Amino acid sequence: MTYFLDFDRTILDTDSFTPSIADYPAVRELREQILEVASTKRDRSIRGQSGRMELWEKLNELCSEGKLIFAPGELSKFVFPDAVEFLKNHGNDSVILSFGHKSWIESKIESSLSNLPLQTVEYAHDREKGIALKSILKNYSAPYIVVDDLATQLDSIKEHCPEVSLFEIRRDGEAPSGRHAVIHSLLELP
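Residues numbered from 1 in each chain as written. Predicted model: local features only at pLDDT ≥ 70, side-chain atom pairs only at ≥ 80, totals over all residues. Heavy atoms only, no water.

**Things to note about the overall build of the protein chain**
- The secondary structure content of the protein chain amounts to seven helices and six strands.
- Listing each helix as α and each strand as β along the protein chain from the N terminus yields β-α-α-α-α-β-α-β-α-β-α-β-β.
- Rg of the C-alpha trace for the protein chain: 16 Å, near the compact-globule value of 16 Å for 190 residues, within the 12% margin.
- Over its C-alpha atoms, taken along the principal directions, the protein chain stretches across nearly 45 × 35 × 30 Å.
- In the protein chain, buried positions account for 48% of the 190 residues.
- Sequence-distant contacts, at least 24 apart, represent 69% of the contacts inside the protein chain between residues at least 6 apart.
- Taken as a whole, the protein chain presents about 9,100 Å² of accessible surface, with 48% of it coming from carbon and sulfur.
- Separation of charge centres in the protein chain, based on 22 positive and 31 negative side chains, amounts to 1 Å. (Helix = DSSP H or I, 4+ residues; strand = E, 2+ residues; numbered from the N terminus. Rg over C-alpha atoms; globule rule 2.2 N^0.38 Å. Buried < 20%, exposed > 50% of the residue type's maximum accessible area, 1.4 Å probe, protein only. Contact = heavy atoms within 4.5 Å. Areas by Shrake-Rupley, 256 points an atom, 1.4 Å probe, with all protein chains shown as cover. Lys, Arg positive; Asp, Glu negative; His and termini not counted. Charge placed at Lys NZ, Arg CZ, Asp CG, Glu CD.)

**Considerations on the pattern of salt bridges**
- Going through the model one piece at a time under the given rule, you end up with ten salt bridges.
- For R170, the salt bridge identified is with D172, shortest N-O distance 2.8 Å.
- The class of R170 is buried, set by a relative accessible area of 3%.
- A residue is classified by how much of its surface remains accessible, and D172, at 38% relative accessible area, is partly exposed.
- Via salt bridges that share partners, D6, K129 and D148 belong to a single interconnected network. (Salt bridge = Lys/Arg side-chain N within 4 Å of Asp/Glu carboxyl O.)

**What to know about the sheet that holds strand β1 (residues 2-5)**
- Ordered by their spatial adjacency, six strands build an open sheet running β3-β2-β1-β4-β5-β6, and the pairing between neighbours is parallel. Whereas interior strands pair on both sides, the edge strands pair on one side only; in this sheet they are β3 (120-125) and β6 (181-183). On average, adjacent strands in this sheet sit at an angle of 25° to one another, irrespective of strand direction.
- Examined bridge by bridge, strand β4 (residues 144-148) and strand β5 (residues 165-169) share four bridges and lie parallel to one another. Each residue of the ladder has a partner; that of I145, found in β5, is S165.
- The strands touched by helix α4 (residues 81-90) within the sheet are β1 and β2 (94-99), with β1 carrying the most contacts at an inclination of about 150°.
- Against the sheet, helix α6 (residues 129-136) makes contact with β1, β2, β3 and β4, and its axis sits at roughly 140° relative to β2, the strand it touches most. (Pairing = 2+ DSSP bridges. Axes fitted to C-alpha atoms, helices over the stretch in contact; angles between N-to-C directions.)

**A short note on the nonpolar core**
- In terms of nonpolar packing, the biggest core is built from 41 residues, with I11, L59 and L186 touching the most fellow members.
- Contributing elements (two or more residues each) for this core: β1, α2 (31-39), α3 (50-64), α4, α5 (102-112), β4 and β5.
- Here this core takes five residues from α3, the largest share from any one element.
- Contact partners of L59, with chain neighbours within four places excluded, come to I21, V27, L30, L68 and W104. (Core = buried A, V, L, I, M, F, W, Y, C linked by side-chain atoms within 4.5 Å.)

Have a look at this one:
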């Protein structure tokens, strides 16, 4: 069995993490933009709103240049408690499947999960997760389970990888899409 887990809002409490970086010296010029993005509700129907994507691009650049660095374990306080327990028990059967800016995501994952077992990380880069997963699925053991907070990503996976079991994780109290099985904690997974 292989669990493919989204990172932001599935493993990492991104909504708590984002405003915390506003005081890092490396992002001083981005402080207001970070706080604005952190205070604006995210539109779950699309991958990224323009202000968010622009900010992630700038943070990605700072990470890739080595100007924004998170120490190992520094971000572990933002990992959901159930995710810690789940990865302790199933980390060797788990893969992070993340979409977005690689240096930014990589730095968050390395810092927050440095003390937890994890099989690997796969980056969807600029492709839908369904397309990315289809190209790597044969490298992992079936059956497959995917967890994501964005129903649009789950829709893409359903289209390209119909053999995968899908779970929409709702940690935010918002109504689910109604298109996929819903969980509120990784500990609810089979």
